[in-house]
Amino acid sequence: MEAFLSNIDRVVDGFSWTVRLTLLSALFSFVLGILLTAMRVSPVPLLRGLATAYVESIRNTPLTLVLLFCGLGLNSALGVHLSGTVALDVFWWAVIGLSAYTACFVSESLRAGINTIPLGQVEAARSLGLTFTQNLRLIVIPQALRAVIGPLGSVLIALTKNTTVASVAGLGVQEASREMKLMFDQGVAPVLPTFLGFAIGFLILTLPTGYFFGWLSKRVAVVR
Amino acid sequence: MTSTPLVVLENVNKHFGDLHVLRDINMTVNSGEVVVVIGPSGSGKSTLCRTINRLEPIDSGTITLDGQPLPAEGRGLARLRSDVGMVFQSFNLFAHKTVLQNVTLGPTKVLRTGRAEADKRGMELLDRVQIGEQADKYPAQLSGGQQQRVAIARALAMNPKVLLFDEPTSALDPEMVQEVLDVMTDLASEGMTMVVVTHEMGFARRAANRVVFMADGQIVEENTPDEFFTKPRSERAQDFLSKILTH
Ligand SMILES: Nc1ncnc2c1ncn2[C@@H]1O[C@H](COP(=O)(O)OP(=O)(O)OP(=O)(O)O)[C@@H](O)[C@H]1O
Ligand SMILES: [Mg+2]
């Protein structure tokens, strides 16, 4: 255990990248998820079709494939670079891949939330003269969000864990699980304590997330 | 009373799939007039209301409001909808907004009224429907009758040219029906143009200028409330009235 603790700065550094990957991907997937949801409920059939096709195809593709497509396909084979330094280049590709994938789950949750809103409220808003986007922004999304805070917390926890795929799936991004594997390979500390230490590290990130979202969802719940 | 036509429906037809729900509807509502629409379940009363502010599109015919035809979807329609207030059977208040916010949402977002002015007007309207003290509560904290009065204030806040009511008291406990009807009767006596789907005969007799009887998607009979309730001309209306009177 001492050997592991003496390397604690490497552990912390690994997790700091995990957190960065998680937060940035959470932000982008949230924005993209809202956009996809707006498209999926829009009155324009083309937008609905595009969004549904996107969600259904990406959601049903393994994350490893999505990230491999970003890393090997777009980054290496097609040579699309997002940064001059390799480490940042692969980092941003990982963020894009994770966001593209997670947005589908954000959208699925939001759509379930929208289904909890009585149609009558949407009609009442329409009859006041609110446009489709106003209706979405002022009536539908705020209530849908409150209804799905809990599920969104689960999506965020899944995202946190999914960042570990970014190092194995062709991108070799720096994050906690990669640091762990490096420490194994370099034999700097015994396997079991190292393993346990990283597992606890993930719990420290995910458990409070779950509790926080649970608390928040109770706090903002819309009483009907 | 001046009788300028405000809402005019001409040869309006509407289908839901194979079902012909509105059959050649011709109807005029004059400015300041209160029209009660009555008829058996499924006769198309709600659909009629909903076509007037185009929550339902029509298949053929025309509907004009103050001489202007209803535009297709888009900004023009949103603008015109704000001239037609609608009060629903199930209140449909915005559950995540306070009572006052429910009333000021339309004015601030559609009419672009300033916040302070909208709040002031909103409070006046809430006081008028006697619910001013509840302004900061959420809809779920109010009784049905209170919620429906808020819904009326919300519709009034847009300064609509006409108010549509679709069975506004049908979802209420009996003891709350009167408080809502009282508000509606006041509005009627103040000259508000109203189309009211209701089976409340007391209200129809007291407040309506005209009763429109619908059956199977058609307007079967139109008359003054007194004439209609005492001497219905059509067999359908006689049959219908005998059923609701025995209740
Ligand atoms: N969205 C819809 N899709 C298909 N059919 C519908 C729809 N809305 C109404 N209908 C049908 O159209 C007919 C007229 O309905 P409408 O709601 O206008 O009747 P109503 O006179 O208001 O009845 P009630 O007194 O029960 O409210 C009914 O047969 C109903 O089943
Ligand atoms: Mg109805």
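This structure is a prediction, so every number in the text was calculated from the model and none was measured.

Peer 1: Kindly report on the overall build of chain A, identifying the contributing residues and their values.
Peer 2: Tallying secondary structure elements over chain A gives 11 helices and 0 strands in all. Listing every helix and strand of chain A by position from the N terminus yields α-α-α-α-α-α-α-α-α-α-α. Taken over the C-alpha atoms alone, chain A extends approximately 70 × 45 × 25 Å along its principal axes. The buried share among the 224 residues of chain A stands at 44%. Long-range contacts, defined as pairs at least 24 residues apart, comprise 74% of the intrachain contacts of chain A with a sequence gap of at least 6. Accessible surface for chain A amounts to roughly 10,800 Å². Of this, 72% is attributable to carbon and sulfur atoms.

Peer 1: Kindly report on the confidence of the model for chain A, identifying the contributing residues and their values.
Peer 2: Confidence along chain A averages 90 in pLDDT terms, with 100% of residues attaining 70 or more. Helix α3 (residues 45-59) of chain A holds the highest mean pLDDT among the elements of chain A, 96, whereas helix α1 (residues 2-5) of chain A holds the lowest, 79.

Peer 1: Help me get a handle on the site of ligand 1, residues and values and all.
Peer 2: Residues and elements named next belong to chain B. Phe-16, Leu-19, Val-21, Pro-40, Ser-41, Gly-42, Ser-43, Gly-44, Lys-45, Ser-46, Thr-47 and Glu-167 make up every residue found near ligand 1. With respect to ligand 1, the backbone of Gly-42 contributes an N or O atom lying 2.8 Å from an oxygen atom. A distance of 3.3 Å is found between an oxygen atom of ligand 1 and a side-chain nitrogen or oxygen belonging to Glu-167. About the coverage of ligand 1: the protein hides 59% of its 630 Å² of free accessible area. Looking at the shell around ligand 1, the elements with two or more residues in it are β2 (19-30) and α1 (45-52). With 3 residues, α1 is the single largest residue contributor to the shell around ligand 1.

Peer 1: Outline the packing of aromatic side chains, listing residues and values.
Peer 2: Residue and element names in this part refer to chain A. Tallied over the full model, the rule gives 10 aromatic pairs over all chains. Ring geometry for Phe-91 versus Trp-92: centroids 5.6 Å apart, planes at 80 degrees, classification edge-to-face. The partly exposed category is assigned to Trp-92, whose relative accessible area is 31%. Ring plane angle 35 degrees and centroid distance 5.9 Å describe the contact between Phe-212 and Trp-215, whose orientation is recorded as tilted.

Peer 1: Please provide a residue-by-residue account of the nonpolar core, values included.
Peer 2: All names here are of chain B. With 50 residues, the main nonpolar core has Leu-126, Ile-152, Phe-165, Met-184 and Met-194 as its most contacted residues. Of all the elements, helix α6 (residues 174-189) adds the most residues to this core, at 8 residues. Leaving out residues up to four positions away in the same chain, Ile-152 has contacts with Val-87, Phe-165, Val-180, Val-183, Met-184 and Leu-187. Core analysis: the second largest hydrophobic core is formed by 37 residues, Leu-6, Met-27, Cys-49 and Val-110 among them.

Peer 1: Any chance you could break down the sheet that holds strand β9 (residues 210-215) of chain B for me, citing the residues and the numbers?
Peer 2: Residues and elements named next belong to chain B. Pairing is mixed in the open sheet, where 6 strands are placed in the order β6-β7-β8-β3-β9-β10. The open sheet is flanked by β6 (84-87) and β10 (218-223), the only strands paired with a single partner. Strand-to-strand twist across the sheet, computed as the mean angle between neighbouring axes with direction ignored, equals 20 degrees. Bridge analysis of β6 against strand β7 (residues 162-166) gives 4 bridges, and the strand direction is parallel. Among the inter-strand pairings, Val-87 is bridged to a residue of β7, identified as Phe-165. Strand contacts of α6: β3 (34-38), β7 and β8 (193-197), with the helix running at about 145 degrees to β8, the strand carrying the most contacts.

Parameters and conventions
Residues numbered from 1 in each chain as written. Chains lettered and ligands numbered in written order. Predicted model: local features only at pLDDT ≥ 70, side-chain atom pairs only at ≥ 80, totals over all residues. Heavy atoms only, no water. Helix = DSSP H or I, 4+ residues; strand = E, 2+ residues; numbered from the N terminus. Buried < 20%, exposed > 50% of the residue type's maximum accessible area, 1.4 Å probe, protein only. Contact = heavy atoms within 4.5 Å. Areas by Shrake-Rupley, 256 points an atom, 1.4 Å probe, with all protein chains shown as cover. pLDDT = per-residue confidence, 0-100. Near = heavy atom within 4 Å. Polar contact = N/O pair within 3.5 Å; in protein donor to acceptor, adjacent residues only side chain to side chain. Phe/Tyr/Trp six-rings, centres within 6.5 Å; stacked < 30°, edge-to-face > 60°. Core = buried A, V, L, I, M, F, W, Y, C linked by side-chain atoms within 4.5 Å. Pairing = 2+ DSSP bridges. Axes fitted to C-alpha atoms, helices over the stretch in contact; angles between N-to-C directions.

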